[in-house]
Amino acid sequence: QVQLQESGGGLAQPGGSLRLSCAASGLMFSGSTMGWYRSPGKQDHLVATITSDGRTNYADSVKDRFTISRANGENTVYLQMNSLKPEDTAVYLCYAFGRRRWGTPTSDYWGQGTQVTVSS
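A. The sheet that holds strand β1 (residues 3-7), seen in detail. Strand order in this open sheet of four strands is β1-β3-β8-β7, and the pairing throughout is antiparallel. Both outer strands of the open sheet, β1 and β7 (66-71), are each paired with one neighbouring strand and no more. With direction set aside, neighbouring strand axes in the sheet form an average angle of 15°.

B. Fine view of the packing of aromatic side chains. Summed over the entire model, instances satisfying the criterion amount to three aromatic pairs. Seen from their ring centres, Y95 and W110 are 4.9 Å apart, and the 50° between their planes marks the pair as tilted. Of this pair, Y95 sits in strand β9 (residues 90-98) while W110 sits in strand β10 (residues 107-110); the two residues are 15 residues apart in sequence, bridging distant segments of the chain. Here the aromatic residues Y37, Y95 and W110 are joined through ring pairs into a cluster of three or more. Taking NZ or CZ as reference, R19 lies 4.0 Å from the ring centre of Y78, over its face.

C. Fine view of the pattern of salt bridges. This model, assessed by the stated rule, comprises four salt bridges. Here D60 and K63 are joined by a salt bridge, their closest N and O atoms 3.2 Å apart. D60 sits in the exposed class, given a relative accessible area of 65%. The exposure class assigned to K63 is partly exposed, which follows from its relative accessible area of 43%.

D. Quick look at the side chain of T51. The topology assignment puts T51 in the loop between β5 (45-50) and β6 (56-58). Exposure remark for T51: the relative accessible area of 16% places this residue in the buried category.

E. Main features of the environment of A23. Relative to the assigned elements, A23 resides in strand β3 (residues 18-25). For the pair A23 and N75, spaced 52 residues apart in sequence, the C-alpha to C-alpha distance is 5.9 Å. If we skip the residues at most four places from it in the chain, A23 touches Q3, L4, Q5, N75 and T76.

F. Geometry of the environment of E87. Structurally, the position occupied by E87 is in the loop between β8 (76-81) and β9. Once the C-alpha coordinates of E87 and A71 are considered, the two residues, 16 residues apart in sequence, prove to be 28 Å apart.

Cut-offs and rules
- Residues numbered from 1 in each chain as written.
- Predicted model: local features only at pLDDT ≥ 70, side-chain atom pairs only at ≥ 80, totals over all residues.
- Heavy atoms only, no water.
- Pairing = 2+ DSSP bridges.
- Helix = DSSP H or I, 4+ residues; strand = E, 2+ residues; numbered from the N terminus.
- Axes fitted to C-alpha atoms, helices over the stretch in contact; angles between N-to-C directions.
- Phe/Tyr/Trp six-rings, centres within 6.5 Å; stacked < 30°, edge-to-face > 60°.
- Lys NZ or Arg CZ within 6 Å of the ring centre and 35° of its normal.
- Salt bridge = Lys/Arg side-chain N within 4 Å of Asp/Glu carboxyl O.
- Buried < 20%, exposed > 50% of the residue type's maximum accessible area, 1.4 Å probe, protein only.
- Contact = heavy atoms within 4.5 Å.

The structure is reproduced here in structure tokens:
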């Protein structure tokens, strides 16, 4: 069973920083694309993704403020969020696209989410 466990959310002031973590298990992590989405209530929005070979992609709204990274030895993906704005307030969900083990099909997996609130 694939599990994605987010942590690191909370309350931050405008201009502040938070670092989210997502620990993955049951997944061939190093070969998977990992990412973060956020759900402000209307629809899920892509925040950032990182491929197995380290290529990154960001939503325009977070470029130059957020950084996604991964530690394959720890099966963990991170999202460093700087210069936070009130409009960054959302539930942030960890995402994975990969295989459970060799020979199984690729699939999408989601964490439960962690709340990030940016307010003074």
